[in-house]
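A structural walkthrough
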Amino acid sequence: MQDFDIKRKILSYDRAVPRYTSYPAAPVFQAEFPAETVTGWIDTLKDGSHLSLYVHVPFCPKLCHYCGCFTHITSRYAPVEDYVHLLRREISKMGARMQNKHVVTHLHFGGGSPTMLLPQDFRLLMDTFREFFTFSDTAEIAVEVDPRHMNEDLANTYGDVGVNRISLGVQDFDDKVMETVNRVQPFDVVYEAVRHLRAAGIQDFNLDFIYGLPYQTVRSMTRSMDYALLLKPSRFAMYGYAHVPWKKKNMRLIPDESLPNNDERYDLFLTGSRILEEAGYRSIGIDHFVKDTDDMAIAQKDGTLGRNFQGYTNIAPDALIGFGVSAISQYPQGYAQNTTASHSYQETVLHSDLPPISKGYSFKGEDIARKSIIDQLMCDLRVNLFEVWASFGHDLSKLDDSLSLLKPFIADGLASLSPDGVLQIAPEARQSVRIIASCFDEYLPPIETTQRHSMAV
Ligand SMILES: C[S@@+](CC[C@H](N)C(=O)[O-])C[C@H]1O[C@@H](n2cnc3c(N)ncnc32)[C@H](O)[C@@H]1O
Ligand code: SF4
């Protein structure tokens with residue numbers, strides 16, 4: 001198929017769908033979910049389970065207008081320091097409940113901006129984790145870094161306490177784009193951040209880029225990617241800008257006319273991905289690009305690549321435990337989300353034995369089979385539908401609705417379905433993965449109801 005033809009077809013299906021970092025997606029979670037259900041899930045984890053821990057740091061000194069993350073803006077350190085105290089309580093209570101029976105294979109600091117934490121507070125958190133949890137020798141310890149906050153002291157602290165992977169928020173290198181989104185961050189700021197981190201012994205780093213930002217053009221994207229390659233990162237993430245101004249007021253500060261339309265967004269992604277592929281990065285899922293030697297490329301070849309709230313992962317834990325406001329946990333039985341209300345978080349962490357849960361979801365019916373299909377499509381662009389369905393003992397006729405939703409994509413050559421049930425998305429139709437995966441989503445509202453998600457392309 002010609003490039004133009006495939007683009008036209010992909011764009012004709014564009015609609016608002018989840019990013020499928022969970023299935024069902026977070027808007028389906030139930031309010032006032034009982035925390036006792038979650039403690040039951042924690043207590044029934046098998047001894048020796050592998051844990052992935054996530055810490056949410058909901059503070060930034062300045063608001064980026066495109067930001068979709070859960071964060072508060074503060075120029076004072078006192079609230080951050082108080083929050084560290086609460087996090088330590090939450091970590092120690094969870095640790096005491098788990099009685100050191102499990103092994104941590106992954107710890108991720110996200111936000112907001114974890115780089116708001118002063119070196120002594122970052123150390124305190126790491127000490128608390130190590131006091132209450134056993135880490136595997138090869139555990140990945142990752143931090144989302146705002147390059148504007150990085151300095152020698154912070155980089156050395158990260159190196160000292162065992163941080164071995166960094167994700168740097170770059171977004172773009174174009175001055176006009178970055179000024180419009182209220183994030184002035186010239187190349188030399190990112191360069192210096194990388195230099196400090198490498199000098200501290202941290203070699204594995206990822207650069208986060210966003211396509212679809214105001215005033216981005218194919219030309220500006222080409223220049224930004226050329227700059228980015230000078231930094232020789234091991235991975236790139238190229239996220240599609242999720243514009244949800246009805247949910248995030250800060251996005252209303254971005255003038256509508258400055259935003260690329262979906263035709264232009266498509267070209268921006270294609271431009272970025274072609275440059276990265278020509279530079280030797282392999283495309284993973286919908287938005288990652290990694291060197292062939294990277295753990296994520298190896299996981300994809302082995303068929304062990306997974307997807308969770310942090311996006312793609314080469315680490316397949318038995319449970320993911322989230323700490324801090326808004327953090328989401330995943331257990332074999334379902335999801336649990338911590339409250340987003342600071343006061344309620346504080347009250348529960350200080351005065352209750354239960355985790356500070358507000359929402360959650362218990363898997364039921366065909367959820368896990370559908371989740372497995374969606375995860376495999378998002379990771380590998382391929383899944384044996386009949387095999388997955390049979391492995392959960394479900395009746396094949398229950399897949400009929402999804403199979404009929406798939407038909408137009410197959411007729412248009414964006415995907416194929418073999419007689420034995422192998423669904424394969426065409427590599428050139430990668431940008432329609434979320435939309436094709438949504439054929440298996442039982443909870444997706446019809447197109448005409450209120451929009452909850454960003455557009456897929
Ligand atoms: C928590 S931030 C990273 C750490 C730090 N706060 C920073 O911005 O450098 C996580 C990443 O989410 C991505 N992101 C934030 N808002 C987004 C949006 N609306 N659409 C797509 N990606 C977004 C950005 O690439 C950002 O680097
Ligand atoms: S993108 Fe990062 S620095 Fe900017 S407001 Fe969001 S979390 Fe904070």
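Residues numbered from 1 in each chain as written. Chains lettered and ligands numbered in written order. Predicted model: local features only at pLDDT ≥ 70, side-chain atom pairs only at ≥ 80, totals over all residues. Heavy atoms only, no water.

1. Comments concerning the site of ligand 1
In the region of ligand 1, 20 residues are neighbours, and Y66, G112, Q171, R183 and D208 sit closest. Here G68 contributes a backbone N or O atom positioned 3.1 Å from a nitrogen atom of ligand 1. Between ligand 1 and S113 there is a distance of 3.1 Å, counted from a nitrogen atom to a side-chain nitrogen or oxygen. Where the shell around ligand 1 is concerned, the elements lending two or more residues are β6 (134–145), β7 (165–171), β8 (204–211) and β9 (235–240). Among the residues making up the shell around ligand 1, the classes are represented as 9 nonpolar, 7 polar and 4 charged. (Near = heavy atom within 4 Å. Polar contact = N/O pair within 3.5 Å; in protein donor to acceptor, adjacent residues only side chain to side chain. Helix = DSSP H or I, 4+ residues; strand = E, 2+ residues; numbered from the N terminus. Nonpolar A, V, L, I, M, F, W, Y, C, P; charged D, E, K, R; others polar.)

2. Some details on the domain arrangement of the protein chain
Here the domain parsing of the protein chain yields domain 1 (1–24 + 367–457) and domain 2 (26–321). Each of domain 1 and domain 2 was reduced to a C-alpha centroid, and the two centroids are 26 Å apart. Counting residues at the interface gives 26 residues for domain 1, matched by 32 residues for domain 2. In total, about 2,500 Å² of surface goes out of reach between domain 1 and domain 2, with carbon and sulfur atoms giving 54% of it. In this assembly, domain 1 and domain 2 are joined by 3 salt bridges. Looking at the side of domain 1 that touches domain 2, the elements that each hand over two or more residues are α1 (3–12), α12 (367–380) and α15 (433–437). At 5 residues, α1 tops the list of elements feeding residues into the side of domain 1 that touches domain 2. Partitioning the side of domain 1 that touches domain 2 into residue classes produces 10 nonpolar, 6 polar and 10 charged. (Domains from an automatic or database assignment. Contact = heavy atoms within 4.5 Å. Buried area = accessible area lost by both parts, 1.4 Å probe. Salt bridge = Lys/Arg side-chain N within 4 Å of Asp/Glu carboxyl O.)

3. With respect to helix α7 (residues 187–199)
In a regular helix each residue adds 1.5 Å, so 13 residues correspond to 18 Å; α7 covers 18 Å between its end C-alpha atoms and thus fits that length. Those residues of α7 that sit buried are V190, A193, V194, H196 and L197. Mapping the buried residues of α7 onto a view down its axis gives an arc of 160 degrees, with all of them on the same face. Contacts made by the buried residues of α7 are with α5 (152–161), β7 and β8. Trailing α7 by a residue or two, G201 shows a phi angle of about 90 degrees, which is positive. (Expected span 1.5 Å × (residues − 1). Buried < 20%, exposed > 50% of the residue type's maximum accessible area, 1.4 Å probe, protein only. Arc of directions from axis to C-beta.)

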